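So you can see what is in the structure, the chains are spelled out below.
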Amino acid sequence: MFSKKLSFAVLLSLATSVLSHYTFPDLLVGGTNTGDWVNVRKTNNFNSQAPVTDVTSTDLRCYTSQTNAKASTATVAAGSTIGFQADGPIYHPGVINVYMAKAPNGDASSFDGSGNVWFKVYQMTAVANGQTITFPSASMTTVNFQIPKNLPSGQYLVRVEQIALHAASTFGGAQFYISCGQINVTGGGSGTPGPLVAIPGVYTGNEPGILINIYYPIPTTYIQPGPAVWSG
Ligand SMILES: *[C@@H]1O[C@H](CO)[C@@H](O)[C@H](O)[C@H]1NC(C)=O
Ligand SMILES: [Cu+2]
């Protein structure tokens, strides 16, 4: 009886670990979920939910090399809070970044996000206090952030990334869960967002916040990958 229960528990946990990947298919605008893959470009992993692990791949950008998806563009006010919603709990311990890039021709739908065009608008890092390291994003389902008030009006790609770190102790082990939304920012200002980075290009995979064993020895500090947040 006991061993039967035990093996069921083991099976259940294996099943859970297979099913526990996730995607970010939804945009939250004005507190409303606008639907799956409506304002977010449908990613290659819409079925498998499998992550990107090669930081040099073009799929690190929007993960749409197979779908070639475009989305419709949501209008949002500068200074307002929007978000991404995952299709399940953001299960793996890790950290979050949100980047934006302005469509140079004013049209987010036709913008591929190439070039030194991405700036960071939000991050949720790990908290290391010398004894423990914790990951505030773990088990959340939404990532909310503010569109900087001084951001110039216009159309942008907005890209969420959760970097899952449970297997990050070997090179290429960190898992990137990514998607790109399309937004039309209105009522903006005259700020100059930066620093600007290319995606891929922003990471080598050797960053101390990407190539890291989060279990042993327990890290006493954590360095968030990517540039500083531009808050306008
Ligand atoms: C973006 O917002 C501007 C200003 O409100 C509006 O004129 C334009 O039609 C919007 N474009 C899209 C694609 O929503
Ligand atoms: Cu997973």
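Residues numbered from 1 in each chain as written. Chains lettered and ligands numbered in written order. Predicted model: local features only at pLDDT ≥ 70, side-chain atom pairs only at ≥ 80, totals over all residues. Heavy atoms only, no water.

Chemist: Give me the coordination of the copper ion (ligand 2): which residues, what numbers.
Modeler: Summarising the metal site, the copper ion (ligand 2) is bound by the protein donors H21 (ND1) and H92 (NE2), whose distances to it range over 1.9 to 2.0 Å. Of this pair, H21 sits in the loop between α1 (2–19) and β1 (26–29) while H92 sits in the loop between β4 (81–85) and β5 (94–102), and the two are 71 residues apart along the sequence. (Donors = N, O, S within 2.8 Å, 3.2 Å for Na, K, Ca; no water. Helix = DSSP H or I, 4+ residues; strand = E, 2+ residues; numbered from the N terminus.)

Chemist: With reference to specific residues and values, describe the confidence of the model for the protein.
Modeler: Mean pLDDT over the protein works out to 93, with 91% of the residues at or above the 70 mark. The model gives residues 1–17 a pLDDT under 50, and that stretch makes one contact with residues more than four places away or in other chains. (pLDDT = per-residue confidence, 0-100. Contact = heavy atoms within 4.5 Å.)

Chemist: Any chance you could break down the site of ligand 1 for me, citing the residues and the numbers?
Modeler: Taken together, T75, Q155, N184 and T186 are the residues near ligand 1. Within the side chain of T75, a nitrogen or oxygen atom sits 3.3 Å from an oxygen atom of ligand 1. Residue N184 places a side-chain N or O atom 2.3 Å away from an oxygen atom belonging to ligand 1. Protein chains shield 36% of the accessible area of ligand 1, which is 360 Å² for the free molecule. The class makeup of the residues in the shell around ligand 1 is no nonpolar, four polar and no charged. (Near = heavy atom within 4 Å. Polar contact = N/O pair within 3.5 Å; in protein donor to acceptor, adjacent residues only side chain to side chain. Areas by Shrake-Rupley, 256 points an atom, 1.4 Å probe, with all protein chains shown as cover. Nonpolar A, V, L, I, M, F, W, Y, C, P; charged D, E, K, R; others polar.)

Chemist: Any chance you could break down the side chain of E207 for me, citing the residues and the numbers?
Modeler: Of note, E207 is situated in the segment after β11 (175–186). Buried E207, no salt bridge; nearest opposite-charge side chain is K120, N-O distance 11 Å. A polar side-chain atom of E207 sits 2.9 Å from the main-chain amide nitrogen of G205. (Buried < 20%, exposed > 50% of the residue type's maximum accessible area, 1.4 Å probe, protein only. Lys, Arg positive; Asp, Glu negative; His and termini not counted. Salt bridge = Lys/Arg side-chain N within 4 Å of Asp/Glu carboxyl O.)

Chemist: Please give an account of the UniProt feature "domain: Auxiliary Activity family 9 catalytic" (unreviewed entry) in the protein that cites residues and values.
Modeler: Cross-referencing UniProt, the feature "domain: Auxiliary Activity family 9 catalytic" (unreviewed entry) maps to residues 21–222 in the present numbering. Between the C-alpha atoms that bound residues 21–222 there is a distance of 23 Å. The span itself is 0% helix and 33% strand. (UniProt positions renumbered as here; feature names shortened; annotations may be inferred.)

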